[in-house]
Amino acid sequence: MLLAKKTFVPLFAALSLGTSHAATDYLKVSPTQVITNAVPYVAMPLPLSDVRLTGGPLKNAQALDAEYLLKLDPDRMFFYLRQRAGLKPKAEEGYGGWDGAGRQLTGHIAGHYLSAISYMWAATGDQRFKDRVDYVVNEFKEVQDAQGDGYIGALMATAPRVRGTNNAAAGTNSAASGTNAPVRRRNNQALVDGKIRFEDLSRGVIQSGGFDLNGMWSPWYVEHKIFAGLRDAYRLTGNRTALDVEVKFAGWVDGILSPLTPEQIQRMLATEFGGMNEVMADLYADTGDPRWLKATGYFEHHAIIDPLAKRDDILGGKHGNTNIPKVLGDLMRYVYAGDKTDGDAARFFWDQVVYHHSFATGGHGHDEYFGPPDKLNNIVDGRDDESCNVYNMLKMTRVLFALHPDDKYAEFQERALFNHVLASIDPQDGRTCYMVPVGHGVTHEYQDMFESFTCCVGTGMENHALHGYGIYYESGDKLWVNFYTPSTASWKTAGATLNVQTDFPEGGYVSIKVSVPAKKNFTLALRRPSWAGDQFVVAVNGKLQRKLPPPGNYVEVNRTWKDGDTVELTLPKQLHKEALPDNPDRVALMWGPLVLAGDLGPEERRGRGRRAGGAEGTPVFVAADRPVADWVKMTAKDSGEFHTSGVGEPNDVRLVPFYRLPRRTYEIYWDLYTPEQWEKTSGALAIEQEKQHKLELATVGFAQPGEMQPERDYNEQGEDTQPDRVMGRAARRGTKWFSFDLPVDPAHPMSVVVTYYSDEWRRRTFDILADGQRIGQQVVEKGGAPHFFDAEYSVPADVVKGKQKVTIRFEATEGNEIAAVFGVRMIRADAAR
Ligand SMILES: [Zn+2]
């Protein structure tokens, strides 16, 4: 609902702005903290419990998340945790997906959930969340007590591979756990209780790399989620048992890792470990026990932190969400203990990620990995922008602002929240996304919220409970307002309450009503975003403020406030484009801080035939030489909806703020051409279309993999294979084999033309067979800009002779996989092409 726009009454007397307020040094991060920070905070976010969202899209996301959290069943999350501890599960079955049985991230969801409901209790005051927090903490306590040695976990591991250790082989039970008879995976590899493999680790058995440590999938990453849940339950809800459980759990960690040499520790850290250093640092802050500060050292990953501290961007090729939490952990160590390397690494990392690796939405990474800095053009298509990463970047951003209240942190927070984070949740049913891609003709990666339980489902449930955190920061008699969203802020230090009403992000009018029991002098520092240019206005009780800082700064209004005083702002949003650093003609269209997404139709319908146009047939704009406001027009006044006008090839496009475009095929980055460039390109496209036309004339049969009916028509068969979809195009991939029966014309020589996409996550090699005879071997690997391409294999005449159809089979070669196959076409090889 749009607010009625107020008309400002200008007052000609300039107001003098008070600016000299000594900042209070905040020495403690939270009320629970017992140590004094080595590096004081300059400003502190108002506690989540003192901020209430009252409307707007962030509130909507929070409400959907709250609903979801109440639908989840904690007993199912504890199914395997209880089973591993020898306790009878309370639920009939556990949850599945990544939280399921076998070698999974089992147990991570219970941790994420405890964090999420702790945040949600603080954010809403709804007693149901507090009750759940207490219940979940007690479950953890029961599991821990049953384990007997402080351990909490439900991980399963592949059996040890190394000879010569005196530890458990498959099937040996560890003394403390009751139910770890090995279970068998589908491929008959024995699994053992992960606890055994942690004990191996303690004895110096370290098989580590990527996501596997001693046969477990990122075990410290999972334990970090449980630690973080307990910490948040203690910090946000005051549950003292949570702290006790955490301390015992940390004692177990110390017991496992203290025997290891520094060299062994570094080897272990080659496997993703989440933010274990962060929770150890926070535990030190909450207990004052130096043992936990020392324990942060078990997770100080020198191969990453040391170069970052020397301002060396070594992120290319590194896994995004493996590294953000560890840098955040080091940042917390810096805050509490003052290690300069930790602080330098974190600040440099944040700057590099935000300014040299991120897209316009605030997300980053391709297939979960960083590329080289400022090289985004070739990774804009495909699986971009994991939601966990943005969640963790926001956590780091809030801490950095507290240390150094700079607009740049607030700007990133606003951008990431109103673009990536809001687009990552379906505004109708609350499903959250793994990837939120930014390329051409892409779709959201919505998760099945009761089945998949991926990492991003876990951080998704936390993400939307935190929207009230970091809007308002306080320091002495100063309160920062970092972005504008309908909310109330109870600023207890000053005894003041702010009631913010706004139609932002789509509108630009903000009203802030101040409530104070008695007159009070303080400063409101109101952010003037870098995108708020000429018509930016601030008025206090209707009086215009004359002296305004340039965009990208704070307007400091110091006065003696009385009850009912009202500040009004207008935030003018301009249309502009934001190019990729390495391609000035590939741009996101921005409206103020909002990324405009182009609507390319329903999710399902894309991919049936490629439209003429740019990359993979999506529209392009012949407007490289013109300002955006010339060719992007608002459809109706105040609608927040736009369209391109007369520049789209082959068609103009409807544009809306990204978060308003769920469940559609969309485009974020657009290719721009001048008319001259377009003439050349469209000429090349016409040649390509002519080629395609001739190919179709030569076609005897065409099988479309990954679509049900066409696959039936061509008798699709296979083992360990699944459909896939890339850039809107259906495909099939597999780890063993799959095949299609295609008609042949024995009167002509036959060839098979197969379509692939260059952007496979890993190098793929596989064979192509025709009726059992190998007709080709294919390698598909990354290289250059991602693109679809055809490969042709000729079918020997003796295979075709006397037949009406031939089975074309794709078969993975030793230890590899078959790349996604987007089309299988049998053609007359002698046809004119
Ligand atoms: Zn994730």
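Just so you know, these numbers come straight off a predicted model, no measurement behind them.

1. Describing the overall build of the protein chain
Now for step 1: A count of helical and extended segments in the protein chain gives 21 helices and 38 strands.
Now for step 2: Its C-alpha atoms give the protein chain a radius of gyration of 29 Å, within 12% of the compact-globule value 28 Å for 833 residues.
Now for step 3: Each of the three principal axes of the protein chain carries a C-alpha extent, and together these read 100 × 75 × 50 Å.
Now for step 4: With 833 residues in all, the protein chain has 59% of them scored as buried.
Now for step 5: Looking at charge distribution, the protein chain has the averaged site of its 94 positive side-chain charges lying 2 Å from that of its 107 negative ones.

2. Digging into the packing of helix α15 (residues 387-403) against helix α16 (residues 407-423)
Now for step 1: Across the interface, α15 lies against α16 with an axial gap of 9 Å and an inter-helix angle of 155°. Classified by the angle their axes make, α15 and α16 are roughly antiparallel. α15 and α16 meet at a crossing whose hand is left-handed. Taken together, the residues of α16 that come into contact with α15 (itself represented by Ser387, Val390, Met393, Leu394, Thr397, Arg398, Leu400 and Phe401) are Tyr409, Ala410, Phe412, Gln413, Ala416, Leu417, His420 and Val421.
Now for step 2: The residue makeup of the contact of α15 with α16, split by class, is 11 nonpolar, 4 polar and 1 charged.

3. A few points about the sheet that holds strand β13 (residues 509-515)
Now for step 1: The strand order β2-β11-β12-β13-β18-β15-β16 describes an open sheet built from 7 strands, whose pairing is antiparallel. The two strands at the open ends of the sheet, each matched to only one other strand, are β2 (51-53) and β16 (543-544).
Now for step 2: As paired strands, β13 and strand β18 (residues 566-570) are joined by 5 bridges and run antiparallel to one another. Bridge pairing in β18 links Ile512 to Val567.

4. A closer look at the nonpolar core
Now for step 1: If you look at the biggest cluster of nonpolar residues, it comprises 194 residues, and the most contacted ones within it are Phe140, Trp220, Leu257 and Leu526.
Now for step 2: Sorting elements by how many residues they give to this core places α15 first, with 11 residues.
Now for step 3: With residues up to four places along the chain from it excluded, the contact list for Leu257 reads Leu201, Trp220, Ile265, Met268, Tyr298 and Phe299.
Now for step 4: Counting residues in each nonpolar core, the second largest holds 29 residues, with Met750, Ile775, Val806 and Phe810 among its members.

5. A look at helix α13 (residues 320-337)
Three or four residues apart is the spacing at which side chains of an α-helix point the same way, because the helix has 3.6 residues per turn.
Now for step 1: Relative to the 26 Å expected for 18 residues at 1.5 Å per residue, α13 spans 26 Å between its end C-alpha atoms, a close match to the ideal helical length.
Now for step 2: Most of α13 is tucked away: 17 of the 18 residues are buried.

6. Here we look at the pairing of strand β15 (residues 537-540)
Every other side chain in a regular strand lies on the same face of the sheet, so the side chains alternate between the two faces.
Now for step 1: Looking at chain direction, β15 and β18 are connected through 4 bridges and run antiparallel. Of the residues in β18, the one forming a bridge with Ala539 is Glu568.
Now for step 2: As paired strands, β15 and β16 are joined by 2 bridges and run antiparallel to one another. Residue pairing across strands places Ala539 opposite Leu544, the latter belonging to β16.
Now for step 3: With antiparallel pairing between neighbouring strands as the criterion, β15 and β16 make up a hairpin whose turn holds 2 residues, including Asn541 at a positive phi of roughly 50°.

7. Section: the coordination of the zinc ion
Now for step 1: The zinc ion binds to the protein through Glu386 (OE), Cys388 (SG), Cys455 (SG) and Cys456 (SG); the donor distances cover 2.1 to 2.3 Å.
Now for step 2: Each of the 4 donor atoms around the zinc ion contributes to a set of angles spanning 94 to 121°, which defines the coordination as tetrahedral.
Now for step 3: Binding-site remark: the zinc ion is held by donors from one chain whose sequence spacing is E-x1-C-x66-C-C. One end of the pair, Cys388, is in helix α15; the other, Cys456, is in helix α17 (residues 455-463), and 68 residues separate them in sequence.
Now for step 4: In this structure Cys388 comes out as buried when scored by relative accessible area, which is 0%.

8. Overview of the domain arrangement of the protein chain
Now for step 1: Each domain of the protein chain was delimited in the assignment, giving domain 1 (12-27 + 52-463), domain 2 (472-505 + 508-570), domain 3 (575-673) and domain 4 (695-831).
Now for step 2: Placing the centre of domain 2 and that of domain 4 at their C-alpha centroids yields a distance of 62 Å.

9. Digging into the pairing of strand β20 (residues 583-591)
Now for step 1: Of all 9 residues that make up β20, 7 are buried, and the element is covered over most of its length.
Now for step 2: Where strand β19 (residues 575-580) and β20 come together, 6 bridges link them in antiparallel fashion. Opposite Leu575, over in β20, you have Trp591 as the bridge partner.
Now for step 3: Once β19 ends, the chain turns through 2 residues before running back antiparallel as β20.
Now for step 4: Across 3 bridges, β20 lies against strand β28 (residues 669-671) in antiparallel orientation. Note on β28: the bridge partner recorded for Val587 is Trp670.
Now for step 5: Pairing of β20 with strand β21 (residues 594-602), which is carried by 3 bridges, proceeds in the antiparallel orientation. Across the sheet, residue Met590 finds its bridge partner in β21, namely Val595.

10. Description of the pattern of salt bridges
Now for step 1: The tally for this structure, following the rule as stated, stands at 60 salt bridges.
Now for step 2: Of the charged contacts in the structure, one is a salt bridge between Glu142 and Arg82, with a shortest N-O distance of 3.2 Å. With Glu142 in helix α5 (residues 127-147) and Arg82 in helix α3 (residues 79-84), this residue pair connects regions lying 60 residues apart in the sequence.
Now for step 3: Residue classification places Glu142 among the partly exposed positions, given a relative accessible area of 34%.
Now for step 4: Between Arg664 and Asp599 there is a salt bridge, with the nearest N and O atoms lying 2.9 Å from each other.

11. Section: the packing of helix α4 (residues 108-124) against α17
Now for step 1: Put simply, α4 and α17 touch, their axes get as near as 8 Å, and they point 15° apart. Accordingly, the angle class assigned to the pair α4 and α17 is roughly parallel. As α4 packs across α17, the resulting crossing turns out to be left-handed. Where α4 approaches α17, its residues His108, Ile109, His112, Tyr113, Ser115, Ala116 and Tyr119 are matched on the opposing element by Cys455, Gly458, Thr459, Met461 and Glu462.

12. Side note on unusual backbone geometry
Now for step 1: Cis geometry is adopted by the peptide bond preceding Pro505, which originates at Phe504 and carries an omega value of 15°.
Now for step 2: Mapped onto the elements of the fold, Pro505 is located in the loop between β12 (496-502) and β13.
Now for step 3: A positive phi angle is found at Asn715, which is not glycine, with a value near 55°.
Now for step 4: In this structure, Asp771 is a non-glycine residue whose phi angle is positive, near 45°.
Now for step 5: Judged by its relative accessible area of 35%, Asp771 falls in the partly exposed class.

13. Some words on the confidence of the model for the protein chain
Now for step 1: Taken residue by residue, the protein chain gives an average pLDDT of 91. The fraction at 70 or more is 91%.
Now for step 2: Across residues 164-187, confidence stays below pLDDT 50; counting only partners more than four residues off in sequence or on other chains, it has 48 contacts.

14. Observations regarding the packing of aromatic side chains
Now for step 1: With the rule as written, the count across this model stands at 40 aromatic pairs.
Now for step 2: Aromatic side chains Tyr151 and Trp252 sit 4.8 Å apart centroid to centroid with 55° between the ring planes, which places their arrangement in the tilted category. Remark: Trp252 occurs in helix α8 (residues 240-257) and Tyr151 occurs in the loop between α5 and β3 (156-158); sequence separation between them is 101 residues. The same class applies to Tyr151 as to Trp252, namely buried.
Now for step 3: Three or more aromatic residues joined by ring pairs make a cluster, and in this case those are Tyr151, Phe198, Trp220, Phe227, Phe249, Trp252, Phe273 and Phe299.

What counts as what
- Residues numbered from 1 in each chain as written.
- Predicted model: local features only at pLDDT ≥ 70, side-chain atom pairs only at ≥ 80, totals over all residues.
- Heavy atoms only, no water.
- Helix = DSSP H or I, 4+ residues; strand = E, 2+ residues; numbered from the N terminus.
- Rg over C-alpha atoms; globule rule 2.2 N^0.38 Å.
- Buried < 20%, exposed > 50% of the residue type's maximum accessible area, 1.4 Å probe, protein only.
- Lys, Arg positive; Asp, Glu negative; His and termini not counted.
- Charge placed at Lys NZ, Arg CZ, Asp CG, Glu CD.
- Axes fitted to C-alpha atoms, helices over the stretch in contact; angles between N-to-C directions.
- Parallel < 35°, antiparallel > 145°, perpendicular 65-115°, else oblique.
- Left-handed = near helix turned anticlockwise from the far one by under 90°.
- Contact = heavy atoms within 4.5 Å.
- Nonpolar A, V, L, I, M, F, W, Y, C, P; charged D, E, K, R; others polar.
- Pairing = 2+ DSSP bridges.
- Core = buried A, V, L, I, M, F, W, Y, C linked by side-chain atoms within 4.5 Å.
- Expected span 1.5 Å × (residues − 1).
- Donors = N, O, S within 2.8 Å, 3.2 Å for Na, K, Ca; no water.
- Tetrahedral: all angles 85-135°; square planar, octahedral: opposite > 155°, others 65-115°.
- Domains from an automatic or database assignment.
- Salt bridge = Lys/Arg side-chain N within 4 Å of Asp/Glu carboxyl O.
- pLDDT = per-residue confidence, 0-100.
- Phe/Tyr/Trp six-rings, centres within 6.5 Å; stacked < 30°, edge-to-face > 60°.

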